[in-house]
Amino acid sequence: MNTLADPALTPLLWMGLSLTIAAMAAQLSVAWLERAPIQGAPARWRWMLGGGLSLGTGIWSAHGLAAAGIPAGFNAAGELTVWLLAVAASSAALGWSATNYPRVPPWLPGSIGLGSFIVALQMMGMPASGWHAGIEWRAGPLLLAWLICLAGCPLAFGLFHSLRATSHRVMAWLRPAVGLLLGSVIVSSQYLVTAVAALPSQTPSAFAGEVPGAALTALASLGSAGLLLALRGALRRQLRAQTARVRLQREQGMESLHDPLTGLPSRSLFKGMLTQAVSQADVGHQRLALLFINLDGFKPINQSLGQAGGDLVLRTIATRLRSLSQPHMTARLGGDEFLMLLTGDPQPEDASDLASDLLALIARPFTIARRKTSICCSIGIAMYPEHGAMSTLIGHASTAMRAAKAAGGASHILFETHMAKGSRDQMELLRDLRVALERGQLELYYQPKIHAPSGEITGAEALLRWHHPKRGMVSPGVFIPIAERYGLIGALGQWVIDEACRQTRAWRDGGLRMRVAINLSVHQLRQVDLAERVGAALGRHQINPDLITCELTESSAMDDTEVTMRVLGELSRLGVHISIDDFGTGHSSLSLLRKLPAHELKIDRSFVLDLETSEEARKVASAVVNLAKALDLKVVAEGVETEEQNRILRDMGCDQLQGFLFAKPMSAKALALWAMDDVGPRTLNFRDSLFKASETAVA
């Protein structure tokens, strides 16, 4: 007997197919729900949409297959609306299942709402056939369908949420069980609603010419199955990405605890170990010793050996430090700085002996790139609890290390209380400097530059000044190193650039067109967007780049030639002038100097100071002037204080002069008064061209 041809078995076959698809859709939606993140609403709702697409497709598929074999047509817009509503309702129910409600299980409101909405959707799907006679709903079967959904959905969601935190073995059978339960609820309620509607007794539908029943059946079976398989593939890809993300975060977490170059504990891990060691020391009334180790002269070695050679030096030093320390008691702070913790109730003498051993071990020569190299270090020692609480221990050890370095290096020093005074003073100055930058308490003074052949003023150098509300005038030699050490120099340098451009614009509006020089620190030269910052300031104040000169010291110009060449090239293309300051004090390479896009050299004031008494100083100054002329560069001499120095430099052929002989640095207002009203320290003329109007709008 051919059972497939038996008309009595055909509805059962369609019901079985419908149950299979609905159960698969429900199981897939549970899988999406299980992996959804608990925190982060946007991310959670993205996962809920995947589950909603799965479950909503299963609900709509049951509706489509329930009408299989019934000669009818269906409205495409109506069917699409039913599917979209099913997806939306399913997504909302899954999303609400992860929301907390007072005194109510989090899954209960969503599951009850979903159960009611399933029946409503199934009823909405019936009119999509457009029956002429209409549908007369009977309350009894509809109430039974609603009760089945109202009981089955909370049961399925409750079962899932109560067991989801158990073992993988339990979850392996829980998903299919929940899927089968939800699928049975969907299919049974759908067939009850279909039976209530009595579709076979209806006359042909009004939509017979739109979507045939066979097409709807194929879409509900094959289309739904295909979409569910695609969603299953998307879930697998999401899980793989999530697993890779978790693995990467775990690896990054491990890397953050250890220095990637040396393998030593990082600062954060060391602080955790220090906290634990301090707690144990407090319980046992014992001491601790902390050693702050900084390599002496590492920068020249790093420059001569290259980055790879420098890294090898650091790894070698780390190995030597590890050999003299207890396990996990040595850390790398960064750069060429290391920490070492000594436990076991050490005396200051024990810490001093360990420091001596470290000095001897680190100073032993080693070979890198077939070259014998050696390096020394400076060590500061702080004892706990004598030298402060745990929060200040590293700072006090660092202070002692700086004292050892100031004493010539290659030594160790035990922290003393008086050392902290200077450190506290620096912190107070740093705090006040931040406030001064925020509140506009800084000011630029301007020292004129004199055109040597004519004696006329042609420009000025901008010099930063700080009027401290309590300390009075603070020297740049005091606060600039603090700004460099603690990372404030970038903001400070940017303020100088912007203020100099603003003042240049203000002078230009008042009729004074003068070139202004600003000083760039080595830290600013390492900013990849320095040229963009300068260009933005020029554009903001509508300044011709030709009116700005950027001065950098000879040592900073040669500090990192590749970076310097790139940054200076960008500044030169911007149109600003480049000046090499303090020339003669560094170690310039003539080949590099020739390649620098510089426009002028400034002879260091140390050579100008001895011009009258030292033949050697005159020779150096003359050599610098001749070198500049050979390279087609202008020459500026700074620090001119006497008429004899003025005469010698003019005779040598200097282009510009600067110093107290002509004028001390003054405020912008004082310089403008001097230019406009000849109110100044001595009778000097401003070059006529400074007052001539520019032919363009931008000056």
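Quick note: structure is the one above.
Source: prediction; values computed, not measured. (Residues numbered from 1 in each chain as written. Predicted model: local features only at pLDDT ≥ 70, side-chain atom pairs only at ≥ 80, totals over all residues. Heavy atoms only, no water.)

### Quick notes on helix H22 (residues 643-652)
Item 1. Within H22, the full set of buried residues consists of Gln645, Asn646, Ile648 and Leu649. One side of H22 holds all its buried residues, which, seen down the axis, span an arc of 165°.
Item 2. At its buried positions, H22 is contacted by helix H20 (605-609), helix H21 (615-630), strand E17 (634-638) and strand E18 (656-658).
Item 3. Residue glycine 653 follows H22 closely and has a positive phi angle near 100°. (Buried < 20%, exposed > 50% of the residue type's maximum accessible area, 1.4 Å probe, protein only. Helix = DSSP H or I, 4+ residues; strand = E, 2+ residues; numbered from the N terminus. Arc of directions from axis to C-beta. Contact = heavy atoms within 4.5 Å.)

### Things to note about empty space enclosed by the protein
Over the atoms, a rolled probe matching the size of one water molecule traces out where space is still vacant.
Item 1. Under the definition given, this model contains three cavities of 30 Å³ or more.
Item 2. Its boundaries defined by the atoms lining it, the largest cavity holds a volume of some 50 Å³.
Item 3. In terms of lining, the largest cavity is formed by Ser29, Val30, Leu33, Leu94, Ala156, Phe157, Phe160, Val178 and Leu182.
Item 4. Mapped onto the lining of the largest cavity, the elements with two or more residues apiece are helix H1 (10-35), helix H5 (139-163) and helix H6 (168-197). (1 Å grid on protein atoms, 1.4 Å probe; cavity = no way out; pocket = protein on both sides within 12 Å on 5 of 7 lines; lining within 4 Å. Points joined across faces, edges and corners; volume = space filled by probe spheres on them.)

### Observations concerning the packing of helix H8 (residues 267-284) against helix H11 (residues 390-406)
Item 1. Two elements in contact, H8 and H11, have axes whose closest approach is 10 Å; the angle formed by their N-to-C orientations is 120°. What the angle tells us is that H8 and H11 run oblique. H11 is crossed by H8, and the crossing has right-handed handedness. Mapping the contact onto sequence places Arg267, Lys271, Leu274, Thr275 and Val278 in H8 and Met390, Leu393 and Ile394 in H11.
Item 2. Class assignment of the residues belonging to the contact of H8 with H11 gives a composition of five nonpolar, one polar and two charged. (Axes fitted to C-alpha atoms, helices over the stretch in contact; angles between N-to-C directions. Parallel < 35°, antiparallel > 145°, perpendicular 65-115°, else oblique. Left-handed = near helix turned anticlockwise from the far one by under 90°. Nonpolar A, V, L, I, M, F, W, Y, C, P; charged D, E, K, R; others polar.)

### A word on a nonpolar patch on the surface
Item 1. Side chains of Leu143, Trp146 and Leu147 sit close together on the surface and give an oily, nonpolar patch of about 270 Å² of accessible area.
Item 2. With respect to the helices, strands and loops of the structure, leucine 147 is situated in helix H5.
Item 3. By relative accessible area, which is 42% here, leucine 147 ends up partly exposed. (Patch = residues over 30% accessible without salt bridge, like charges linked within 9 Å, V, L, I, M, F, W, Y side chains within 5 Å. Areas by Shrake-Rupley, 256 points an atom, 1.4 Å probe, with all protein chains shown as cover. Salt bridge = Lys/Arg side-chain N within 4 Å of Asp/Glu carboxyl O.)

### What about the sheet that holds strand E4 (residues 330-334)?
Item 1. With respect to topology, five strands assemble into an open sheet ordered E4-E5-E3-E8-E9, the strand pairing being mixed. The two strands at the open ends of the sheet, each matched to only one other strand, are E4 and strand E9 (412-414). Sheet twist, expressed as the average angle between the axes of neighbouring strands with direction ignored, equals 20°.
Item 2. Running over the sheet, helix H10 (residues 348-362) touches strand E3 (288-296), strand E5 (337-342), strand E8 (376-384) and E9 and is turned about 165° from E8. (Pairing = 2+ DSSP bridges.)

### Looking at the side chain of threonine 458
Item 1. Summarising the element assignment, threonine 458 is placed in strand E11 (residues 456-468).
Item 2. Look at threonine 458 and you get buried, because its relative accessible area is 14%.
Item 3. Polar contacts involving the side chain of threonine 458 include one to the side chain of glutamine 656, which spans 3.1 Å. (Polar contact = N/O pair within 3.5 Å; in protein donor to acceptor, adjacent residues only side chain to side chain.)

### Looking at the side chain of serine 224
Item 1. For serine 224, the position within the fold is in helix H7 (residues 213-257).
Item 2. What serine 224 contacts, discounting residues up to four positions off in sequence, is Ile21, Thr57, Trp60, Ser61 and Leu219.

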